[in-house]
Amino acid sequence: MVHELIYYGHDTLKKVAREIMNIDGELLQLIDSMYNVMYRAKGIGLAAPQVDVSKRLFILDIENDNKQITLEMLNPVIKEFSGKWESYEEGCLSVPGISKEVVRSVEILLSGVNRDGKEVELEAGGMLARVIQHEIDHLNGILFVDHLEDYMRKELRPELKKIKKMNRLS
Ligand code: CO
């Protein structure tokens, strides 16, 4: 099973992804394959819809408070949000070459299921919280550029048009 990145404009990125009902070999393969895609593209987070699989799953591998954190989460839900972190420029493997400031919560309480099917809860702050919010947006059909003001998205239109075409080339 080979998974490839899809880009801005692709239908799968606009859909609300489906809940994962069972963890089988295929799903575990998907997770491993997603790590390959993410590391190859030098990303720090990846949601399943970004490889054209409409399932509620994301992975991440980031440095947070001088610690390397690797996390994979199935059916993730943010239960609590607090604070407001205004100015940080986000990027996305599905929107290559563009980065813009997006407002996110500073701290979140995340719950979900790990690859062993165990319910897990996690308090996250800072960069970790930001990446999680970005990835969960993907599961709801939202890209970071969707958070921008209309005038900003208008400015990006030529670039976004080019990115859209990458879907047909690959
Ligand atoms: Co993204």
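Notes on the structure follow. The numbering scheme is per chain: residues are counted from 1 as the chain's sequence reads. A pLDDT threshold of at least 70 governs which residues receive local features in this predicted model, and a stricter bar of 80 or more applies before side-chain atom pairs are shown or counted, although totals over entire chains, interfaces and linings include all residues. Based on all heavy atoms of the structure, the side-chain values leave hydrogens and waters out of the count.

**Here's the deal with a positive patch on the surface**
We count it as follows: Think of a patch as exposed residues, more than 30% relative accessible area, with no salt bridge, where like charges cluster within 9 Å and nonpolar side chains (Val, Leu, Ile, Met, Phe, Trp, Tyr) cluster within 5 Å. Every accessible area reported is derived by Shrake-Rupley at a probe size of 1.4 Å, with residue values counting cover from the shown protein chains alone. Whenever Lys or Arg places a side-chain nitrogen within 4 Å of a carboxyl oxygen from Asp or Glu, that contact is recorded as a salt bridge. The charged-residue count follows a simple rule in which Lys and Arg add positive charge and Asp and Glu add negative charge, with His and chain termini not counted at all. Every charge is mapped onto a representative atom, which is NZ of Lys, CZ of Arg, CG of Asp or CD of Glu. Each helix is a run of DSSP H or I of at least 4 residues and each strand a run of E of at least 2, with the numbering of both proceeding from the N terminus. Exposure is judged per residue with a 1.4 Å probe applied to protein chains only, and the accessible area is read against the type maximum: over 50% gives exposed, under 20% gives buried, and values in between give partly exposed.
On the surface, a cluster of positive charge is made up of Lys154, Arg157, Lys161, Lys162, Lys164, Lys165 and Arg168. As for its placement among the helices and strands, lysine 165 is situated in helix H3 (residues 150-169). The exposure class of lysine 165 is partly exposed, given its relative accessible area of 48%.

**Observations regarding the pairing of strand E3 (residues 67-82)**
Defined as follows: We call two strands paired when DSSP finds no fewer than two bridges between them.
As defined by bridge partners, strand E2 (residues 57-64) adjoins E3 across 8 bridges and the pair is classed as antiparallel. Its bridge partner lying in E3, leucine 57 is registered against leucine 74. Between E2 and E3, which pair antiparallel and follow one another directly, the connecting turn spans 2 residues, one of which, aspartate 65, has a positive phi of 50°. The pairing of E3 with strand E6 (residues 107-113) spans 6 bridges and is classified as antiparallel. Bridge pairing links leucine 74 to valine 113 in E6.

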